[in-house]
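Examining the three-dimensional arrangement
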Amino acid sequence: MKKVLILGSTGSIGESTLNIIRQFPEKFKVTGLVAGKNSRKLKEQIDEFKPEAVATLDTSFKPVVKTYYQEEGILQLIKEIEFDIVVAAISGAAGIVPTYEAAKKAKRVALANKESLVCAGMFIKKVAKEIIPVDSEHSAVFQALLAGKKEEVKEIILTASGGPFRGKKKEDLQNITPENALNHPNWNMGSKVTIDSATLMNKGLEVIEAMWLFDIPVKKIKVVIHPQSIVHSMVRFKDNSFIAQMGKPDMRIPIAYALSYPERLNLNEELSMDYTQINLTFEKPDTETFKCLNLAYKSIEKGYPYPIILNAADEIAVDSFLKREIPFLSIPEIVEKTMEILNLQPPETIEDVIRIDKIARETAKKLVENHAN
Ligand SMILES: NC(=O)C1=CN([C@@H]2O[C@H](COP(=O)(O)OP(=O)(O)OC[C@H]3O[C@@H](n4cnc5c(N)ncnc54)[C@H](OP(=O)(O)O)[C@@H]3O)[C@@H](O)[C@H]2O)C=CC1
Ligand SMILES: CC(=O)[C@@H](O)[C@H](O)COP(=O)(O)O
Ligand SMILES: [Mn+2]
């Protein structure tokens with residue numbers, strides 16, 4: 001029986017994780033849940049999964065089990081409860097420190113929060129005993145890599161759906177609303193990652209995430225648009241064999257694998273696909289229209305702390321777009337300008353990461369304000 005702590009239990013990944021755990025009560029026991037502000041959902045989860053303790057950002061939440069409050073409470077809970085696996089699924093940079101602290105204690109980090117590696121890969125990799133990716137592309141690469149040796153890898157090819165605006169040009173994107181951009185063609189996800197899919201920033205962050213997870217230079221990490229999201233990514237080995245992983249676009253499959261690896265769980269047939277009905281297509285990304293992908297490559301070229309700055313500026317820009325303060329096409333502009341303005345030293349500690357993230361947010365916010373006025 002594995003004890004599981006879920007950071008971000010009330011989100012899309014959190015709920016899919018609980019869906020898997022619900023099916024395998026003999027294998028997994030939830031010992032801790034961490035939520036943001038969705039207290040109604042947290043209460044339902046406590047009633048069903050009966051964790052030892054929970055943490056929440058909602059200070060008005062009435063405790064029904066041991067309850068910790070706010071950011072310090074999340075870290076306190078991580079220190080005090082027992083767990084073997086942490087599912088790191090808080091969205092955004094808010095997940096970095098909880099993931100880092102939980103990684104020190106866990107036997108396994110099932111990692112969804114890509115920002116943790118993008119911003120603090122050098123620190124998290126030092127403390128984590130084992131990181132198994134949850135992100136669908138990285139789960140695919142992880143599985144494909146089992147088919148060869150690391151020295152035999154020629155390239156990693158991450159697939160991207162292309163988002164809701166695939167095939168559109170800049171002139172078509174002038175009046176995009178948050179509702180348009182939140183309409184992902186294949187996946188049901190939280191709003192931040194969904195907007196990032198529409199700008200291709202999600203794939204940019206995933207390139208950096210892959211660099212840390214698989215210890216491979218970014219120049220060997222490529223991106224291809226695959227609108228069906230059936231091939232979740234592939235690895236090309238030196239004999240030019242491409243090993244890919246396929247599956248229905250449903251996060252329960254990579255989540256189950258991250259929880260149970262090296263075993264596979266017996267999941268319902270509903271998660272299979274009728275492969276006679278599938279056509280797989282691949283095309284080049286349009287990096288002229290969708291500038292965020294190259295900004296992510298550029299951040300790695302410039303070196304740390306630029307990936308931290310990229311991520312922080314993107315969080316501010318996406319949030320501002322969702323609040324209708326800036327247009328869709330200003331997201332890459334804000335990110336690019338923030339990267340141009342700031343000249344900071346690489347982080348030496350996790351505290352430095354948080355400090356750099358904060359400075360980049362302040363800079364990006366000023367750019368948004370100037371933009372709005
Ligand atoms: N959804 C997906 O299919 C995929 C997601 N990912 C990654 O996984 C992570 C989570 O994504 P997703 O589940 O879609 O996001 P959601 O927005 O659906 O959920 C985010 C979760 O984090 C909680 N949360 C947000 N801010 C804080 C905070 N400051 N402190 C504590 N908890 C907080 C939310 O709580 P509440 O709702 O209670 O406020 C919620 O439980 C992201 O990093 C994303 O990039 C990666 C691959 C696929
Ligand atoms: C499900 C998952 O892993 C997401 O990160 C997904 O990749 C988003 O889709 P895009 O390919 O459109 O970015
Ligand atoms: Mn992904």
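Owing to the predicted nature of the structure, the values given are computational and were not obtained by experimental measurement. (Residues numbered from 1 in each chain as written. Chains lettered and ligands numbered in written order. Predicted model: local features only at pLDDT ≥ 70, side-chain atom pairs only at ≥ 80, totals over all residues. Heavy atoms only, no water.)

1. So, the packing of helix H6 (residues 136-145) against helix H9 (residues 201-214)
Which entries qualify depends on this criterion: For helices, the fitted line uses only the C-alpha atoms of the stretch in contact; every axis is such a line through C-alpha atoms, and the angle between N-to-C directions lies from 0 to 180 degrees. Under the scheme used here, helices are H or I runs from DSSP no shorter than 4 residues and strands are E runs no shorter than 2 residues, and both carry numbers assigned from the N terminus. The crossing is said to be left-handed when, going from far helix to near helix, the turn is anticlockwise and less than a right angle, and right-handed when the turn is clockwise. Any pair of residues with heavy atoms lying within 4.5 Å of one another is described as a contacting pair. Under the scheme applied, nonpolar residues are Ala, Val, Leu, Ile, Met, Phe, Trp, Tyr, Cys and Pro; charged residues are Asp, Glu, Lys and Arg; polar residues are all the others, including Gly.
Look at H6 against H9: their axes get within 10 Å of each other, and the N-to-C directions meet at 35 degrees. H6 and H9 meet at a crossing whose hand is right-handed. Of H9, the residues touching H6 (which contributes Glu-137, His-138, Val-141, Phe-142 and Leu-145) are Lys-203, Glu-206, Glu-209, Ala-210, Leu-213 and Phe-214. For the contact of H6 with H9, the class distribution of residues is six nonpolar, one polar and four charged.

2. As for the sheet that holds strand S2 (residues 28-34)
Definition in use: Should DSSP find at least two bridges between two strands, the strands are regarded as paired.
Taking strand neighbours across the sheet as the criterion, the seven strands line up as S4-S3-S2-S1-S5-S6-S7 in an open arrangement whose pairing is parallel. This sheet does not close on itself; its edge strands, each paired only once, are strand S4 (66-69) and strand S7 (131-133). Averaged over neighbouring strand pairs, the angle between their axes works out to 25 degrees when direction is ignored. Relative to strand S3 (residues 53-56), S2 is paired through three bridges, and the arrangement is parallel. Across the sheet, Leu-33 pairs through a bridge with Val-54, a residue of S3. Here helix H3 (residues 70-80) sits on the sheet and contacts strand S1 (2-7), S2, S3 and S4; the angle it forms with S4, its principal contact strand, is near 135 degrees.

3. Here's the deal with the site of ligand 1
Note the following rule: When we say a residue is near a molecule or strand, we mean one of its heavy atoms is within 4 Å of it. A 3.5 Å cut-off defines polar contacts: any pair of N or O atoms within that distance qualifies, except that in protein one atom must be a possible hydrogen donor and the other a possible acceptor, and neighbouring residues in sequence count only when both atoms are side-chain atoms. In short, Shrake-Rupley with a 1.4 Å probe defines the accessible areas, and a residue's cover is counted only from the protein chains shown. All the domain ranges listed were derived from an automatic or database domain assignment.
Taken together, 25 residues surround ligand 1, and among them Thr-10, Lys-37, Asn-38, Glu-115 and Gly-190 come closest. Contact distances for ligand 1 include 2.9 Å between an oxygen atom and a backbone N or O atom of Ile-13. In this structure, Lys-37 approaches ligand 1 through a main-chain N or O atom, which is 2.8 Å from an oxygen atom. Considered on its own, ligand 1 offers 900 Å² of accessible surface; in the complex 85% of this is hidden by protein. Elements with a contribution of two residues or more to the shell around ligand 1: helix H1 (12-23) and helix H5 (114-127). A per-class count over the shell around ligand 1 returns eleven nonpolar, ten polar and four charged. Each of domain 1 (2-133) and domain 2 (138-169 + 178-249) gives at least three residues to the shell around ligand 1.

4. Quick look at a nonpolar patch on the surface
So the rule is basically this: Note on patches: the residues involved have over 30% relative accessible area and no salt bridge, like charges join within 9 Å, and the nonpolar side chains Val, Leu, Ile, Met, Phe, Trp and Tyr join within 5 Å. When a carboxyl oxygen of Asp or Glu lies within 4 Å of a side-chain nitrogen of Lys or Arg, that pair is called a salt bridge. Relative accessibility decides the category of a residue: with a 1.4 Å probe and only protein chains considered, values under 20% of the type maximum give buried, values over 50% give exposed, and everything between is partly exposed.
Residues Met-246, Leu-280 and Phe-282 make up a contiguous nonpolar surface patch of roughly 270 Å² in combined accessible area. With relative accessibility at 37%, the residue Leu-280 sits in the partly exposed group.

5. Quick notes on the pairing of strand S10 (residues 231-237)
Counting buried positions along S10 yields seven of seven residues, so the element is predominantly enclosed. When strand S8 (residues 153-160) meets S10, the two strands line up antiparallel, connected through five bridges. Considered in S10, the bridge of Val-153 is made with Phe-237. As judged from the five bridges shared by S10 and strand S11 (residues 242-246), these two strands associate in the antiparallel manner. Among the inter-strand pairings, Met-234 is bridged to a residue of S11, identified as Ala-244.

6. A closer look at the UniProt feature "domain: 1-deoxy-D-xylulose 5-phosphate reductoisomerase N-terminal" (unreviewed entry) in the protein chain
Formally: UniProt positions are given in the numbering used here, feature names are shortened, and annotations may be inferred rather than shown by experiment.
Mapped onto this structure's residue numbering, the UniProt feature "domain: 1-deoxy-D-xylulose 5-phosphate reductoisomerase N-terminal" (unreviewed entry) falls at residues 4-121. Here residues 4-121 runs as 44% helix and 23% strand, with 22 Å between its end C-alpha atoms.

7. Digging into the UniProt feature "binding site: NADPH" (unreviewed entry) in the protein chain
The residues that UniProt annotates with the feature "binding site: NADPH" (unreviewed entry) are Thr-10, Gly-11, Ser-12, Ile-13, Gly-36, Lys-37, Asn-38, Asn-113, Glu-115 and Gly-190. Within the element layout of this structure, Thr-10 appears in the loop between S1 and H1. Those residues in contact with Thr-10 that sit more than four places away from it in its chain are Glu-15, Ala-35, Gly-36, Asn-38, Lys-41, Leu-42 and Gln-45. Relative to the helices and strands, Gly-36 is located in the loop between S2 and helix H2 (39-49). Residues within four places of Gly-36 in sequence aside, it is in contact with Thr-10, Thr-56, Leu-57 and Asp-58.

8. Here's the deal with the site of ligand 2
As a structural note, the neighbourhood of ligand 2 is formed by 14 residues, with Asp-135, Ser-136, Glu-137, Ser-161 and Asn-202 the closest of them. The contact in question runs from an oxygen atom of ligand 2 to an N or O atom on the side chain of Ser-197, over 3.1 Å. The contact in question runs from an oxygen atom of ligand 2 to an N or O atom on the side chain of Glu-206, over 2.9 Å. For ligand 2, the protein covers 96% of the area, taking 350 Å² as the surface of the free molecule.

9. Focus: the coordination of the manganese ion (ligand 3)
Reference values for angles at a metal are 109.5 degrees in the four-donor tetrahedral case and 90 or 180 degrees in the six-donor octahedral case. To keep it simple, the criterion reads: Only nitrogen, oxygen and sulfur atoms qualify as donors, and only when within 2.8 Å of the metal (3.2 Å in the case of Na, K and Ca); with water excluded, sites may look incomplete. Each label reflects the angles at the metal, where four donors whose angles all fall between 85 and 135 degrees are tetrahedral, four or six donors whose opposite pairs open beyond 155 degrees and whose other angles stay between 65 and 115 are square planar or octahedral respectively, and the rest are irregular.
At this site the manganese ion (ligand 3) is bound by Asp-135 (OD), Glu-137 (OE) and Glu-206 (OE), with donor distances of 2.0 to 2.1 Å. Classification of the site at the manganese ion (ligand 3) as irregular follows from its six donor atoms and the range of 64 to 161 degrees in their angles at the metal. Each donor residue of the manganese ion (ligand 3) belongs to the same chain, with the gaps between them written as D-x1-E-x68-E. Each member of the pair, Asp-135 as well as Glu-137, is classed as buried.

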